[in-house]
Amino acid sequence: DTAVSQTPKYLVTQMGNDKSIKCEQNLGHDTMYWYKQDSKKFLKIMFSYNNKELIINETVPNRFSPKSPDKAHLNLHINSLELGDSAVYFCASTQMTTNTEAFFGQGTRLTVV
Amino acid sequence: GQQLNQSPQSMFIQEGEDVSMNCTSSSIFNTWLWYKQDPGEGPVLLIALYKAGELTSNGRLTAQFGITRKDSFLNISASIPSDVGIYFCAGNTGTASKLTFGTGTRLQVTL
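What you see is a predicted model, and the numbers here were worked out from it, not measured in a lab.

Peer 1: Honestly, the overall build of chain B in this entry has me stumped. Any pointers?
Peer 2: Helix and strand content of chain B: 0 helices and 11 strands. Moving toward the C terminus, one meets the helices and strands of chain B in the order β-β-β-β-β-β-β-β-β-β-β. Taking 111 residues into account, the globule formula puts the C-alpha radius of gyration at 13 Å, and chain B, at 13 Å, falls close to it. Taken over 111 residues, chain B has a buried fraction of 44%. The contacts of chain B with a sequence gap of at least 6 include a subset with a gap of at least 24, amounting to 53%.

So this is what it looks like as structure tokens:
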């Protein structure tokens with residue numbers, strides 16, 4: 001049973017397109033996150049949601065819009081994709097907002113051409 | 001903003017050797033975590049540290065929360081081929097569950 005699962009694992013798309021990445025966790029956690037890992041493997045938080053409510057937004061361009069239909073799901077929609085958006089995007093979850101032990105998904109490798 | 005610097009950036013060691021890596025910060029952290037990332041996978045939590053001076057082990061891995069709260073260390077004893085991967089430290093200031101990640105240490109183990 002996968003604890004944090006993301007789809008798709010790979011996504012190749014053209015500049016200007018709109019795409020979505022989906023994430024689901026079956027751990028019963030209250031808080032979910034999106035992290036971005038660049039080509040140098042640097043990991044940086046983008047968003048955090050607690051029980052469907054946005055609590056962290058790390059100055060990410062507004063082309064990126066997270067949506068949490070329920071506390072087990074956090075999707076990431078990206079409008080007007082740019083070459084610089086190419087990266088690996090990781091979904092993660094923690095039991096609560098105050099808990100720091102994050103469990104990560106397998107990642108979605110986004111390539112914009 | 002906060003930055004976590006890890007060293008060394010990469011290591012090439014022989015199977016059976018012990019490994020040490022560290023992570024330093026310009027800010028104080030309340031929590032230190034160590035993760036390992038295999039190719040094509042997400043980071044997996046190895047050890048979590050919550051108190052300054054704390055020393056915690058997980059099998060062949062031992063990590064310490066520095067007493068200044070600005071650094072942490074990870075040691076791997078008797079390395080094996082499956083230890084290959086990228087090791088990340090991560091810290092949290094306690095104001096939210098946001099993790100700040102280090103720059104990573106890439107470990108290669110040769111037979």
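Peer 1: Would you explain the side chain of Asp83(B) in this entry?
Peer 2: Turning to its location among the elements, Asp83(B) is positioned in the loop between strand E8 (71-76) and strand E9 (85-92). Ignoring anything within four residues of it in the chain, the contact list for Asp83(B) reads Lys36(B), Arg60(B), Ile76(B), Leu107(B) and Val109(B).

Peer 1: Is there a simple way to explain the sheet that holds strand E1 (residues 4-7) of chain A in this structure?
Peer 2: Two orientations exist for strands paired in a sheet by backbone hydrogen bonds: parallel and antiparallel. Residues and elements named next belong to chain A. What the 4 strands build is an open sheet, ordered E1-E3-E8-E7; its pairing is antiparallel. Edge positions in the sheet fall to E1 and strand E7 (64-70), since each has one partner strand and no second. Averaged over all pairs of adjacent strands, the angle between their axes in this sheet comes to 20°, without regard to strand direction. Strand direction decides the pairing type here: E7 and strand E8 (residues 73-78), joined by 5 bridges, are antiparallel. By the bridge assignment for E8, Phe64 is matched with Ile78.

Peer 1: Explain the pattern of salt bridges to me, please; I cannot follow it from the model alone.
Peer 2: Should their charged atoms come close, side chains of opposite charge can pair. Residues and elements named next belong to chain A. Going through the model one piece at a time under the given rule, you end up with 6 salt bridges over all chains. Note that Asp85 and Arg63 form a salt bridge whose closest N and O atoms lie 2.8 Å from each other. Of this pair, Asp85 sits in the loop between E8 and strand E9 (87-94) while Arg63 sits in the loop between strand E6 (53-57) and E7; the two residues are 22 residues apart in sequence, bridging distant segments of the chain. Comparing Asp85 with Arg63, the two get one shared label, buried.

Peer 1: Got a minute to help me understand the side chain of Gln6(B) in this structure?
Peer 2: All names here are of chain B. If you trace the backbone, Gln6 turns up in strand E1 (residues 4-7). One polar contact links the side chain of Gln6 to the main-chain amide nitrogen of Gly104, over a distance of 2.8 Å. Those residues within four positions of Gln6 in sequence are excluded, and the remaining contacts are Asn22, Cys23, Trp34, Tyr87, Phe88, Cys89, Gly102, Thr103, Gly104 and Thr105.

Peer 1: I tried to follow the interface of chain B and chain A on my own but got confused; where do I start?
Peer 2: As a measure of interface size, the accessible area lost when the parts come together is often cited. Taken residue by residue, the interface counts 21 residues in chain B and 22 residues in chain A. Both sides together, the interface formed by chain B and chain A hides about 1,700 Å², and carbon and sulfur atoms give 57% of it. The interface formed by chain B and chain A holds 1 salt bridge in total. The partner of Glu58(A) in a salt bridge is Lys98(B), with the nearest N and O atoms 3.4 Å apart. Our count for the contact surface shared by chain B and chain A stands at 7 residue pairs in polar contact (both at pLDDT 80 or more). Of all the secondary-structure elements, those providing two or more residues to the side of chain B that touches chain A are strand E4 (31-37), strand E5 (44-49) and E9 of chain B. A per-element tally of the side of chain B that touches chain A places E4(B) first, with 4 residues.

Peer 1: Looking at this structure, how should I read the nonpolar core?
Peer 2: Side chains that are nonpolar tend, in soluble globular proteins, to be buried together. Core analysis: the largest hydrophobic core is formed by 21 residues, its most contacted members being Trp32(B), Trp34(B), Leu74(B) and Leu107(B). Among the elements of the structure, strand E2 (10-14), strand E3 (19-25), E4, E5, strand E7 (61-65), E8, E9 and strand E11 (105-110) of chain B are those that each provide at least two residues to this core. The next biggest cluster of nonpolar side chains, apart from the first, holds 20 residues, and it includes Met46(A), Leu74(A), Leu76(A) and Leu81(A).

Peer 1: Quick question: what am I supposed to make of unusual backbone geometry here?
Peer 2: Negative phi characterises most residues that are not glycine, and trans characterises most peptide bonds. Following Thr7(A), the chain continues into Pro8(A) via a peptide bond in cis, with omega recorded as -5°. Within the secondary structure layout, Pro8(A) lies in the loop between E1 and strand E2 (10-13). Of note, the bond from Ser7(B) into Pro8(B) is cis; its omega dihedral lies within 30 degrees of zero at -5°. Residue placement: Pro8(B) occurs in the loop between E1 and E2. Phi angles above zero are rare outside glycine, and Lys52(A) is one such case at about 75°. Looking at the element boundaries, Lys52(A) is found in the loop between strand E5 (43-50) and E6. Among the residues examined, Lys52(A) registers a relative accessible area of 47% and is labelled partly exposed. Phi is positive for Thr59(A), close to 40°, though the residue is something other than glycine. Locating Thr59(A) in the fold gives a position in the loop between E6 and E7.

About the criteria used
- Residues numbered from 1 in each chain as written.
- Chains lettered and ligands numbered in written order.
- Predicted model: local features only at pLDDT ≥ 70, side-chain atom pairs only at ≥ 80, totals over all residues.
- Heavy atoms only, no water.
- Helix = DSSP H or I, 4+ residues; strand = E, 2+ residues; numbered from the N terminus.
- Rg over C-alpha atoms; globule rule 2.2 N^0.38 Å.
- Buried < 20%, exposed > 50% of the residue type's maximum accessible area, 1.4 Å probe, protein only.
- Contact = heavy atoms within 4.5 Å.
- Pairing = 2+ DSSP bridges.
- Axes fitted to C-alpha atoms, helices over the stretch in contact; angles between N-to-C directions.
- Salt bridge = Lys/Arg side-chain N within 4 Å of Asp/Glu carboxyl O.
- Polar contact = N/O pair within 3.5 Å; in protein donor to acceptor, adjacent residues only side chain to side chain.
- Buried area = accessible area lost by both parts, 1.4 Å probe.
- Core = buried A, V, L, I, M, F, W, Y, C linked by side-chain atoms within 4.5 Å.

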